[in-house]
Amino acid sequence: MSKAPIGTTAKTSEVCPESGVWKVVGTPSTTAPIAKGNRMPPYDNKAVTWQLIQYA
């Protein structure tokens, strides 16, 4: 099975398409390790877009 490419994005509450380090798009930003199959979390109590920056 192929991996989702680096740069793939997913929004809060979507299912994570790939295990790895994800970064919030925009400011303020943060990074978090998120496992494939988990729901993408909110950040700072807001729905955000996460971008895959590194594979697990």
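Residues numbered from 1 in each chain as written. Predicted model: local features only at pLDDT ≥ 70, side-chain atom pairs only at ≥ 80, totals over all residues. Heavy atoms only, no water.

(A) Focus on the overall build of the protein chain. Helix and strand counts for the protein chain stand at 0 helices and 4 strands. When the helices and strands of the protein chain are placed in sequence order, the string is β-β-β-β. Taken over the C-alpha trace, the protein chain has a radius of gyration of 10 Å; the compact-globule value for 56 residues is 10 Å, and the two agree within 12%. For the C-alpha atoms alone, the extent of the protein chain along its principal axes is close to 35 × 15 × 15 Å. Expressed as a percentage of contacts within the protein chain between residues at least 6 apart in sequence, the contacts between residues at least 24 apart total 55%. (Helix = DSSP H or I, 4+ residues; strand = E, 2+ residues; numbered from the N terminus. Rg over C-alpha atoms; globule rule 2.2 N^0.38 Å. Contact = heavy atoms within 4.5 Å.)

(B) Main features of the packing of aromatic side chains. One pass over the structure, following the stated rule, counts 0 aromatic pairs. The ring of Tyr55 is capped by Lys3, whose NZ or CZ atom sits 4.2 Å from the centre of that ring. (Phe/Tyr/Trp six-rings, centres within 6.5 Å; stacked < 30°, edge-to-face > 60°. Lys NZ or Arg CZ within 6 Å of the ring centre and 35° of its normal.)

(C) Region of the structure containing the nonpolar core. Counting 10 residues, the largest nonpolar core consists of Ala10, Cys16, Trp22, Val24, Ala32, Ile34, Met40, Val48, Trp50 and Leu52. When contributions to this core are tallied by element, the ones reaching two or more residues are β2 (20-24), β3 (31-34) and β4 (49-55). Here Ala32 is in contact with Gly20, Val21, Trp22 and Trp50, once residues within four sequence places are set aside. (Core = buried A, V, L, I, M, F, W, Y, C linked by side-chain atoms within 4.5 Å. Buried < 20%, exposed > 50% of the residue type's maximum accessible area, 1.4 Å probe, protein only.)

(D) Expanded view of the pairing of β2. Bridge analysis of β2 against β3 gives 4 bridges, and the strand direction is antiparallel. Pairing of Val21 across the sheet is with Pro33, part of β3. In sequence, β2 turns back onto β3 through a hairpin of 6 residues, with Gly26 there showing a positive phi of about 110 degrees. Here β2 pairs with β4 via 5 bridges, running antiparallel. Opposite Lys23, over in β4, you have Gln51 as the bridge partner. (Pairing = 2+ DSSP bridges.)

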